[in-house]
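Single-letter residue listing:
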Amino acid sequence: MKAELLGRADHFDALAIPLFLDKVPAGFPSPASDYCERALDLNELCIRTPAATYFVRAQGDSMIEAGIFSGDVLVVDRSLEAKHGDIVIAEFNGELTVKKLELKPETRLVPMNSRHAPVPIPDGAELEIFGVVTTVIHSLRNP
Amino acid sequence: MFALVDCNNFYCSCERLFRPDLKQVPMVVLSNNDGCVVARSPEAKALGIGMGVPLFKVRDDIKRHGIRIFSSNYTLYGDISARVMQTLEQFTPRMEIYSIDEAFLDLSGIGKLDDYGRQIRTTVKQHVGIPVSIGIAPTKTLAKLANSAAKRFRATRGVVELCDPRRQQRLLAITPASDIWGIGRNLTRVLQRRGVKTALDLARMEPHRARRLSSVTLERTVRELNGENCIALEEATPKQQIVCSRSFGEKLTDNREVREAVCEFTARAAEKLRREKLLARMVSVFIRTSPFDETGTGYGNTATGTLPRPSSDTLEILHLVSRLFDMVWKNGGRYAKAGVMLGDFCSPDILQLDLFDTGTDHRRNDNLMRAVDSINRDGRGMIRFGGQRPRKDWFMRQEHLSPAYTTKWNCIPVVK
């Protein structure tokens, strides 16, 4: 697996206006101004619609092949329409569950662990989707 | 053109958001200190649980029907409310947040209002997960009426567009006057004596007669019912007062304990005042025993005073609060609730110092307060004033409190 350096992450409360150190001449842009950027914000990477974003915690081993482990925090976006193949939070048997959603050839919730069986949703039964999982936060080290 | 968007059974809906097992289950949410029922799910309403009834009066019903009870979780409701409002903002540049679960939207210039209303409803349901009802009409009073129709009649599927005058009249005819926005119990009685029973009777009243009968407010209601827009959207209402009050977990009888609570409320209220960048002139202190206390006679009292000069300084306000507290205190009471209210606000920019006041003390205290606030912001209540109690264990009874699902990492919902 290759890792790519994206930039510097920092903590900041408000979006500061970038300070341009060099004058801005007309015509050819200064190559130096490219370096004037604010630090990266993880929220920006993980959250598209704040009002529709909820966090939940995964428990159990049914999704390990999707890279979701027990204790991971999942970022859930309710504003997205759930599509075939999405990892979703669904309501099942009166509780919330995280599974892969399959709509073809039939609607079912598929665990991503070969030791668990898929859950078929019978025709006519209403499958309530809580939201679509967009990001997994997996901590590699306990504080 | 206004839309009133109102969340359905808001507190119950919030409690259900992460608990699919509570769907269709009768449930109620209790007021501070688990005293009274302040929200009911439709199933609990159907079982005849009244609004505002004290918990002890419905204990039997609750047991018999397996009604689930929740302490009010304002951390959760506040967060969900903010999400609803933020979602609504996408639909109009002008809106007024009317309460934690209601907002008026200005929809002027939008065609196909019914479609738009449905789109708003679907979006809030999908994005936040809270069902809302929407009433759309040319005036706020009619929008309120349309909203209650959207709630009452299932066939409307949550949205009523009430722009056609004939439809307005038909709905007014089947609505009691008492259901109209701003018509309270007293006014209902006054109107009934004049033979005004339905909302349509009220709408047909001569506006000037309405004013003579009650006030300009009633006249405005009559005009609004006829489609004449009299109540504007208030986008940013300046605060009129700041109240900080609580019910105690257990009844307090000790002067020192109640005084400490009142000092605590003062510190909170002054903090809020500074956050609003305002100064207060008026300070009020109240204490009261429980209205359901069967052991003693009820007692409640309020004292109000004026600060020598408008201030947001906790120390200056505490000084007055302490004197006011002595005025309301009576030995022998079992106190259930106390509070502090600040009012008569002005902005620090237009503050006039009196002739001999150089303003130096003022500025020095400003800096002190700023320091106190910035320290307390992180650790809430790290720095406290002499009169405040060191611990908050007397605060609230919350035996049925749900987790802070959306605001604390260790409380987020678990999925399997």
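Residues numbered from 1 in each chain as written. Chains lettered and ligands numbered in written order. Predicted model: local features only at pLDDT ≥ 70, side-chain atom pairs only at ≥ 80, totals over all residues. Heavy atoms only, no water.

As recorded by an unreviewed UniProt entry, chain B carries the name DNA polymerase V subunit UmuC and is attributed to Geothermobacter hydrogeniphilus. Taken verbatim from the UniProt record of chain B, the Sequence similarities (unreviewed entry) comment is "Belongs to the DNA polymerase type-Y family." (UniProt positions renumbered as here; feature names shortened; annotations may be inferred.)

Identification of chain A as UV protection and mutation protein from Geothermobacter hydrogeniphilus is taken from an unreviewed UniProt entry.

S.K.: Just checking my understanding: could you explain the overall build of chain B for this structure?
M.R.: Counting secondary structure elements, chain B contains 14 helices and 13 strands. Evaluated residue by residue, chain B yields a buried proportion of 50% over its 416 residues. Across chain B, contacts joining residues at least 24 apart in sequence account for 67% of those joining residues at least 6 apart. Surface accessibility of chain B: about 21,100 Å² in total, with carbon and sulfur atoms responsible for 50%. (Helix = DSSP H or I, 4+ residues; strand = E, 2+ residues; numbered from the N terminus. Buried < 20%, exposed > 50% of the residue type's maximum accessible area, 1.4 Å probe, protein only. Contact = heavy atoms within 4.5 Å. Areas by Shrake-Rupley, 256 points an atom, 1.4 Å probe, with all protein chains shown as cover.)

S.K.: Would you mind showing me how to read the interface of chain A and chain B here?
M.R.: By convention, interface size is frequently given as the accessible area that disappears when the constituent parts associate. With 28 residues of chain A at the interface, the matching set in chain B holds 21 residues. Around 2,200 Å² of area is buried between chain A and chain B when both sides are counted, 53% of it from carbon and sulfur atoms. Broken down residue by residue, the surface that chain A buries against chain B is led by Tyr54, Arg57 and Arg78 of chain A, which jointly contribute 27%. At the junction of chain A with chain B, the criterion picks out 2 salt bridges. For the salt bridge of glutamate 91 of chain A with lysine 23 of chain B, the shortest nitrogen-to-oxygen distance reads 2.8 Å. There are 18 residue pairs in polar contact (both at pLDDT 80 or more) connecting chain A and chain B. Of all the secondary structure elements, the ones that give two or more residues to the side of chain A that touches chain B are β1 (53-58), β2 (73-77), β3 (87-92) and β4 (95-102) of chain A. The element that contributes the greatest number of residues to the side of chain A that touches chain B is β1 of chain A, accounting for 6 residues. A class-by-class count of the residues in the side of chain A that touches chain B yields 14 nonpolar, 7 polar and 7 charged. Bridge count for β1 of chain A against strand β13 (residues 414-415) of chain B is 2 bridges, and the pairing is parallel. Within the sheet, the bridge partner assigned to alanine 58 of chain A lies in β13 of chain B and is valine 415 of chain B. (Buried area = accessible area lost by both parts, 1.4 Å probe. Salt bridge = Lys/Arg side-chain N within 4 Å of Asp/Glu carboxyl O. Polar contact = N/O pair within 3.5 Å; in protein donor to acceptor, adjacent residues only side chain to side chain. Nonpolar A, V, L, I, M, F, W, Y, C, P; charged D, E, K, R; others polar. Pairing = 2+ DSSP bridges.)

S.K.: I tried to follow the UniProt feature "domain: UmuC" (unreviewed entry) in chain B on my own but got confused; where do I start?
M.R.: Mapped onto the present numbering, the UniProt feature "domain: UmuC" (unreviewed entry) falls on residues 2-184 of chain B. A helix fraction of 40% and a strand fraction of 20% characterise residues 2-184 of chain B, whose end C-alpha atoms lie 23 Å from each other.

S.K.: Teacher, can you tell me more about the sheet that holds strand β8 (residues 159-161) of chain B here?
M.R.: Picture the strands of a sheet paired through backbone hydrogen bonds; they go either parallel or antiparallel. Residue and element names in this part refer to chain B. Read across the sheet, 5 strands follow the order β5-β6-β1-β7-β8 without closing on themselves; strand pairing throughout is mixed. This sheet does not close on itself; its edge strands, each paired only once, are β5 (95-99) and β8. The mean inter-strand angle of the sheet, taken between neighbouring strand axes irrespective of direction, is 15 degrees. Across the sheet, helix α5 (residues 113-127) is in contact with β6 (102-106), β7 (132-137) and β8; its angle to β7 comes to roughly 160 degrees. (Axes fitted to C-alpha atoms, helices over the stretch in contact; angles between N-to-C directions.)

S.K.: Explanation requested: the packing of aromatic side chains in the structure shown.
M.R.: Each aromatic ring pair is summarised here by two numbers: the centre-to-centre distance and the angle between the ring planes. Residue and element names in this part refer to chain B. Here the structure, examined in full by the defined rule, presents 17 aromatic pairs over all chains. Between tyrosine 11 and tyrosine 74, the ring centres sit 5.7 Å apart and the planes meet at 90 degrees, which makes this aromatic pair edge-to-face. One end of the pair, tyrosine 11, is in helix α1 (residues 10-17); the other, tyrosine 74, is in helix α4 (residues 74-89), with 63 residues separating them in the sequence. Note on tyrosine 74: relative accessible area 40%, which makes it partly exposed. (Phe/Tyr/Trp six-rings, centres within 6.5 Å; stacked < 30°, edge-to-face > 60°.)

S.K.: Looking at this model, I keep getting lost on the packing of α1 of chain B against α4 of chain B. Mind explaining?
M.R.: Packed helices, taken two at a time, are described by their axes: the angle between them and the distance between them. All names here are of chain B. Contact geometry for α1 and α4: axes closest at 10 Å, N-to-C directions at 95 degrees. The angle between α1 and α4 falls in the class roughly perpendicular. Contacts between α1 and α4 involve Phe10, Tyr11, Cys14, Glu15 and Leu17 from the first element and Tyr74, Leu76, Tyr77, Ile80 and Ser81 from the second. Here the residues of the contact of α1 with α4 sort into 8 nonpolar, 1 polar and 1 charged. (Parallel < 35°, antiparallel > 145°, perpendicular 65-115°, else oblique.)

S.K.: Which parts of the structure should I look at to understand the packing of helix α6 (residues 140-152) of chain B against helix α7 (residues 165-173) of chain B?
M.R.: Residues and elements named next belong to chain B. Two elements in contact, α6 and α7, have axes separated by 11 Å at closest approach and are oriented at 65 degrees. Judged on the interaxial angle alone, α7 and α6 are roughly perpendicular. For the pair α6 and α7, the crossing hand works out as left-handed. For the pair α6 and α7, contact is made by Leu142, Leu145, Ala149 and Arg152 and by Gln168, Leu171 and Leu172, respectively. Broken down by class, the residue content of the contact of α6 with α7 amounts to 5 nonpolar, 1 polar and 1 charged. (Left-handed = near helix turned anticlockwise from the far one by under 90°.)

S.K.: Please clarify how the sheet that holds β3 of chain A should be interpreted in this entry.
M.R.: Sheet architecture is open: 8 strands sit in the order β6(A)-β5(A)-β4(A)-β3(A)-β7(A)-β2(A)-β1(A)-β13(B), paired in mixed fashion. Where the open sheet ends on each side, the last strands, each with one partner, are β6 (119-120) of chain A together with β13 of chain B.

S.K.: Can you walk me through α6 of chain B in this structure?
M.R.: Two residues of an α-helix separated by three or four positions point the same way, owing to the 3.6 residues in each turn. All names here are of chain B. Taking 1.5 Å per residue as the helical rise, α6 with its 13 residues ought to reach 18 Å, and the 18 Å between its terminal C-alpha atoms agrees with that figure. For α6, a buried count of 10 out of 13 residues is recorded, marking the element as mostly surrounded by other parts of the structure. Three or more residues of α6 are buried, namely Lys140, Thr141, Leu142, Ala143, Lys144, Leu145, Ala146, Asn147, Ala149 and Ala150. (Expected span 1.5 Å × (residues − 1).)

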